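So you can see what is in the structure, the chains are spelled out below.
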Amino acid sequence: MATQDLKNIVTISEYVSPMAAPRSTFNQLLVVGSAGIIPTSERVREYTTASAMLTDGFALTDIEYLAAVAYFAQSPAPTTLWIGCKSTSPTETFVEAAEACRTANGEWYVIVCPDAAKADHLLLAAWAEVASPSTVYAFTTSDADCITNVSTDIFSLLKALSYKRTIGQYSTTSSIAIVAIMGYAMGANNGLANSAYTLKFKGEVGIAIEDLTATQVGYLDGKYANVYLNYGNYYNIFQQGYMANGYFFDEVLNLDMLRNDIQLNLMDLLYATTKVPQTDAGQAQLILGCNNACQLAVERGFLAPGTWTGVTILDLSYGDTLPNGYLCQSKSYSTQSTADRQARKSMPIYICIKEAGAVHNIVIGVYVNR
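This structure is a prediction, so every number in the text was calculated from the model and none was measured.

Asks: What exactly am I supposed to notice about the packing of aromatic side chains here?
Replies: Each aromatic ring pair is specified by the distance between its two centres and by the angle formed by the two planes. Under the definition given, this model contains nine aromatic pairs. On the basis of an interplanar angle of 80° and a centroid distance of 6.3 Å, the ring pair of Tyr47 and Phe58 is categorised as edge-to-face. Of the two residues, Tyr47 is situated in strand β2 (residues 44–47) and Phe58 in the loop between α1 (51–56) and α2 (63–72); the sequence distance between them amounts to 11 residues. You can call Tyr47 buried: its relative accessible area is 3%. Between the aromatic rings of Tyr71 and Phe72, the centroid separation amounts to 5.2 Å while the plane-to-plane angle is 70°, which identifies the pairing as edge-to-face. With relative accessibility at 0%, the residue Tyr71 sits in the buried group. The ring of Phe94 is capped by Lys86, whose NZ or CZ atom sits 4.8 Å from the centre of that ring.

Written out as C-alpha cells, the structure is:
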C-alpha cells in the first residue's frame, strides 16, 4: 500500500547546540630544562608519572626528573606534568624557550625553569605578566642577600616591579623547592566544591626546612618571599604564599579561573544562539552567564557572602550586603548611545565579588580571674 510521508504534515527540524569550549586547565605545571631528551620540534611532552620520564631516556640526575619526583610526591598528588625543552644549540634564552613552550601547548598554568639565574628570573617574570593564556612564573633561589636588609636581591627587585604573576621561594637545600608547593597547588586545584585553599601551612614533601633566625624570616616576609620553616618543633610549613607584589597565590589563581569561566560562558552563549539581542532581555542572558561563573567560584570556596566595602557601583553602595558573594549588574539599553548600538556593543556589565579569604593568623585573649 502506498503511503505518504508525514513530513508533508508535520515538519521537524533538528537543532543541536554546538559543543561548549573546553575550560582551560589551572592545575598543570611546566618544567623547562635542557636535558635534550625532548626535541625542539616537539618542544613539550606530557607525563603522569616520574618513572615514565626514565623510560623516555631522562637520567636520575636530570633536573627535569628531580623536579618531577618532587612534583608527584605531594599530597594531594597532581595528575599532569609537562616537560619543556630549552635549546642549547644555538643558545636560546629562557624567555624564548617559555614562549615556544606556550605556543606548542596552552594547557599548563605554572612554569618553572630550575636552571634560571637572577637575570633570567626578572625577564621571565616580566614575560609571565603579559603571557597569554594566563601564566604564573615560579622560581627558587638560594642567594644569600635575600635574608639580609638589602634592596638588590631578586625578591626586592620583583617587589619593586609589583609583579603579581611571579612566586618565589628561598631555599638553600633544593634548587627545585618551589616545584613541591606547586605540586600541592596543582593537585589540590581539582575544581570540586570547597576545593579553594591557601598555600600557607602546607608541607613540602622531599624538601628540607630552612634554619633561619626570626630577623631573617622577617626580611623574607618584608620582601614577599616564601620559605619552608618549622614551628613548635613539629609543624613544617610553607609560608606565606606571596606573589612578588604581596598578593596571595590562591587569589591570582582563582581570579584567573573566574575570568576564564566568564569569558567562555559568554562566548558559548554567542556561539550557540542565533543572536543575543541588544535588549534588556538579551542583557539578562549575558548576566546569567556571569552569574553562573561566579556561582562556581562560590562553590569552590573562593567567594562568600559579605559586606561590600568598595566604591559605589550602580546599585551597590558601601555597606551593602552581598548575600551570594557576588553581584552582576548593568544599566538598561535605554541609556545606550547611538554609536555603541550601531557598533553592536552590549551594555557594560559590572561584576562585584567578595572573596572568602583565608585565616593566616589568630589572636587570642586569655582573661584569668582568681
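Asks: What am I meant to see in a nonpolar patch on the surface here?
Replies: Among the surface-exposed residues, Val359, Ile362, Ile364, Val366 and Val368 lie close enough to one another that they form a single nonpolar patch of about 620 Å² accessible area. When you line up the elements, Val368 lands in the segment after β12 (350–353). For Val368, a relative accessible area of 70% corresponds to the exposed category.

Asks: Help me understand the nonpolar core, please; the structure alone is not making it clear to me.
Replies: Generally speaking, nonpolar side chains in soluble globular proteins are found buried as a group. Counting 45 residues, the largest nonpolar core has Leu29, Ile167, Val179, Met182, Leu199 and Phe249 as its most contacted members. Elements that contribute at least two residues to this core include exactly β1 (29–33), α2, β3 (81–85), β4 (110–112), β5 (136–141), α6 (177–188) and α8 (249–272). Residue contributions to this core peak at 10 residues, all from α6. Excluding its chain neighbours within four sequence positions, the residues that come into contact with Ile167 are Val136, Tyr137, Ala138, Phe139, Ile178, Met182, Leu199, Asn226, Gly241, Tyr242, Met243 and Phe249. Within the second largest apolar cluster, 33 residues are counted, among which are Ala98, Tyr163, Tyr170 and Leu229.

Asks: In this structure, what is going on with the packing of α8 against helix α9 (residues 280–300)? I would like to understand it.
Replies: Where α8 meets α9, the axes come as close as 9 Å, and the angle between the chain directions of the two elements is 150°. Classified by the angle their axes make, α8 and α9 are roughly antiparallel. For α8 against α9, the interelement crossing comes out right-handed. Residues Asn254, Met257, Leu258, Asp261, Ile262, Asn265, Leu266 and Leu269 of α8 form the contact with α9, whose participating residues are Gln285, Leu286, Gly289, Cys290, Asn292, Ala293, Cys294, Leu296, Ala297 and Arg300. Class assignment of the residues belonging to the contact of α8 with α9 gives a composition of 11 nonpolar, five polar and two charged.

Asks: Would you explain the pairing of β1 in this entry?
Replies: If a strand is regular, its side chains alternate between the two faces of the sheet. Of all five residues in β1, five are buried, a share of seventy percent or more. Across the two faces of β1 the burial is the same, with Leu29, Val31 and Gly33 and Leu30 and Val32 all buried. Strand direction decides the pairing type here: β1 and β3, joined by five bridges, are parallel. Among the inter-strand pairings, Val32 is bridged to a residue of β3, identified as Gly84. Where β1 and β4 come together, three bridges link them in parallel fashion. Paired with Val31 across the bridge in β4 is Val112.

Basis of the calculations
- Residues numbered from 1 in each chain as written.
- Predicted model: local features only at pLDDT ≥ 70, side-chain atom pairs only at ≥ 80, totals over all residues.
- Heavy atoms only, no water.
- Phe/Tyr/Trp six-rings, centres within 6.5 Å; stacked < 30°, edge-to-face > 60°.
- Helix = DSSP H or I, 4+ residues; strand = E, 2+ residues; numbered from the N terminus.
- Buried < 20%, exposed > 50% of the residue type's maximum accessible area, 1.4 Å probe, protein only.
- Lys NZ or Arg CZ within 6 Å of the ring centre and 35° of its normal.
- Patch = residues over 30% accessible without salt bridge, like charges linked within 9 Å, V, L, I, M, F, W, Y side chains within 5 Å.
- Areas by Shrake-Rupley, 256 points an atom, 1.4 Å probe, with all protein chains shown as cover.
- Salt bridge = Lys/Arg side-chain N within 4 Å of Asp/Glu carboxyl O.
- Core = buried A, V, L, I, M, F, W, Y, C linked by side-chain atoms within 4.5 Å.
- Contact = heavy atoms within 4.5 Å.
- Axes fitted to C-alpha atoms, helices over the stretch in contact; angles between N-to-C directions.
- Parallel < 35°, antiparallel > 145°, perpendicular 65-115°, else oblique.
- Left-handed = near helix turned anticlockwise from the far one by under 90°.
- Nonpolar A, V, L, I, M, F, W, Y, C, P; charged D, E, K, R; others polar.
- Pairing = 2+ DSSP bridges.

Geometric descriptors of this kind do not, in isolation, establish any biological role.
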